[in-house]
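# Fold and contact review
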Amino acid sequence: AQSVTQLGSHVSVSEGALVLLRCNYSSSVPPYLFWYVQYPNQGLQLLLKYTTGATLVKGINGFEAEFKKSETSFHLTKPSAHMSDAAEYFCAVSTGGSYIPTFGRGTSLIVHP
Amino acid sequence: NAGVTQTPKFQVLKTGQSMTLQCAQDMNHEYMSWYRQDPGMGLRLIHYSVGAGITDQGEVPNGYNVSRSTTEDFPLRLLSAAPSQTSVYFCASRNSDLSYEQYFGPGTRLTVT
């Protein structure tokens with residue numbers, strides 16, 4: 001079985017501040033991990049993904065995430081928040097034996113001027 | 001490629017009415033799925049399909065039917081609409097390889113009065 005926990009339904013930062021969105025997963029086999037972003041009134045789009053190899057993954061718009069197996073985490077970071085980063089962010093996990101990825105409940109990122 | 005398309009974008013139904021939400025993809029993806037998104041609940045899987053003629057239930061299947069007669073199309077039927085089905089519905093598709101991300105449609109916003 002696989003599961004994802006996103007800590008914090010809302011995260012508020014000032015423009016220019018560090019963004020940190022937390023994601024922990026549970027899986028008995030090596031996972032594939034994803035972060036998606038949903039801008040207001042739009043569908044979800046892929047931000048970045050980890051499959052194999054390098055554990056630090058870079059995505060679009062300056063975001064990156066690090067796969068830490070020992071901590072079962074895949075936290076999303078961005079050094080400097082921009083107003084346009086305000087959106088809903090979803091972490092997801094896929095593993096063998098499950099046809100459909102499991103999504104977290106999402107974290108709403110609020111960016112203050 | 002158009003990707004994943006959904007129609008209609010908006011729909012208002014009265015309690016008891018039935019309707020079909022359309023979903024189509026032109027990427028020859030084997031896997032397709034339907035989600036509903038409600039505030040504070042994240043994405044919840046309704047039904048999914050791993051190929052033409054094969055469907056299965058997700059987390060919240062009651063009140064919904066699906067069929068998959070072709071690779072491209074995966075319609076979602078509401079049999080007798082209820083106010084609890086007021087939500088935003090997303091269709092998604094992906095390649096059968098677990099490392100591949102899901103592609104989402106733009107969503108259908110459904111209101112049941």
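What you see is a predicted model; the values in this text were computed from it and never measured.

Calculation rules
Residues numbered from 1 in each chain as written. Chains lettered and ligands numbered in written order. Predicted model: local features only at pLDDT ≥ 70, side-chain atom pairs only at ≥ 80, totals over all residues. Heavy atoms only, no water. Helix = DSSP H or I, 4+ residues; strand = E, 2+ residues; numbered from the N terminus. Buried < 20%, exposed > 50% of the residue type's maximum accessible area, 1.4 Å probe, protein only. Polar contact = N/O pair within 3.5 Å; in protein donor to acceptor, adjacent residues only side chain to side chain. Contact = heavy atoms within 4.5 Å. pLDDT = per-residue confidence, 0-100. Salt bridge = Lys/Arg side-chain N within 4 Å of Asp/Glu carboxyl O. Core = buried A, V, L, I, M, F, W, Y, C linked by side-chain atoms within 4.5 Å. Buried area = accessible area lost by both parts, 1.4 Å probe. Disulfide = S-S within 2.5 Å.

In this section: the side chain of serine 87 of chain B. All names here are of chain B. Counting through the fold element by element, serine 87 comes out in strand β9 (residues 87-94). We classify serine 87 as buried; its relative accessible area is 5%. Among the polar contacts made by the side chain of serine 87, one reaches the main-chain carbonyl oxygen of glutamine 37 at a distance of 3.0 Å. Engagement of the side chain of serine 87 in a polar contact is seen with the side chain of aspartate 38, the distance being 2.8 Å. In this structure, serine 87 is in contact with Arg36, Gln37, Asp38, Thr108, Arg109 and Leu110, ignoring residues within four places of it in sequence.

Turning to the confidence of the model for chain B, a few remarks are in order. A residue-level look at chain B finds 100% of positions with pLDDT of 70 or above and a mean pLDDT of 94. Here strand β5 (residues 42-51) of chain B stands out as the least confident element of chain B, with mean pLDDT 93; strand β3 (residues 19-25) of chain B is the most confident, with 98.

Before going further, it helps to examine the pattern of salt bridges. Pairing is possible between side chains of opposite charge, provided their charged atoms come close. In the structure shown here, the tally under the stated rule is five salt bridges over all chains. Residue lysine 49 of chain A pairs with glutamate 101 of chain B through a salt bridge whose shortest N-O separation is 3.2 Å. Here lysine 49 of chain A is found in strand β5 (residues 44-50), whereas its partner glutamate 101 of chain B is found in the loop between β9 and β10 (103-104) on a different chain. Residue glutamate 101 of chain B is classed as buried on the basis of its relative accessible area, which comes to 12%. Salt-bridge contacts for arginine 44 of chain B lead to aspartate 38 of chain B; the nearest nitrogen and oxygen are separated by 2.8 Å. A relative accessible area of 11% means that aspartate 38 of chain B is categorised as buried.

Another point: the nonpolar core. Trp35, Leu48, Leu76 and Tyr89 of chain A are the most contacted members of the largest nonpolar core, which totals 27 residues. Of all the secondary-structure elements, those providing two or more residues to this core are β2 (10-14), β3 (19-26), β4 (32-38), β5, β7 (64-68), β8 (73-78), β9 (87-94) and β11 (107-112) of chain A. The contacts of leucine 48 of chain A, once residues within four sequence positions are left out, are Leu33, Phe34, Trp35, Val57, Lys58, Gly59, Phe63, Glu64, Ala65, Phe74 and Leu76 of chain A. Formed by 19 residues, the second largest nonpolar core is a distinct cluster that contains Val4, Cys23, Leu78 and Leu110 of chain B.

Our focus in this paragraph is the interface of chain A and chain B. By a widespread convention, an interface's size corresponds to the accessible area lost as its parts come together. Taken residue by residue, the interface counts 21 residues in chain A and 22 residues in chain B. Regarding the contact of chain A and chain B, the summed buried area is about 1,800 Å², with carbon and sulfur atoms giving 62% of it. It is Tyr99, Ile100 and Arg105 of chain A in chain A that bury the most area against chain B; as a group they hold 33% of the surface buried on that side. Where chain A packs against chain B, one counts one salt bridge. For the pair chain A and chain B, the number of links is four residue pairs in polar contact (both at pLDDT 80 or more). Listing elements by their share of the side of chain A that touches chain B, those giving two or more residues are β4, β5 and β9 of chain A. By residue number, the principal contributor to the side of chain A that touches chain B is β4 of chain A, which donates four residues.

Our focus in this paragraph is the state of the cysteines. Here, disulfide denotes a covalent bond that connects the sulfur atoms of two cysteines. Using the criterion set out here, one finds two disulfides over all chains in the structure. One disulfide bridge connects cysteine 23 of chain A with cysteine 91 of chain A, the sulfur atoms lying 2.0 Å from each other. Here the S-S torsion is close to -65 degrees, and the disulfide linking cysteine 23 of chain A with cysteine 91 of chain A is therefore left-handed. Within this pair, whereas cysteine 23 of chain A is found in strand β3, its partner cysteine 91 of chain A is found in strand β9, the two being separated by 68 residues in sequence. Each member of the pair, cysteine 23 of chain A as well as cysteine 91 of chain A, carries the same accessibility label: buried. Note that cysteine 23 of chain B is cross-linked by a disulfide to cysteine 91 of chain B, the S-S spacing being 1.8 Å. Linking cysteine 23 of chain B and cysteine 91 of chain B, the disulfide has an S-S dihedral of approximately -70 degrees and is accordingly described as left-handed. One end of the pair, cysteine 23 of chain B, is in strand β3; the other, cysteine 91 of chain B, is in strand β9, and 68 residues separate them in sequence. Each member of the pair, cysteine 23 of chain B as well as cysteine 91 of chain B, is classed as buried.

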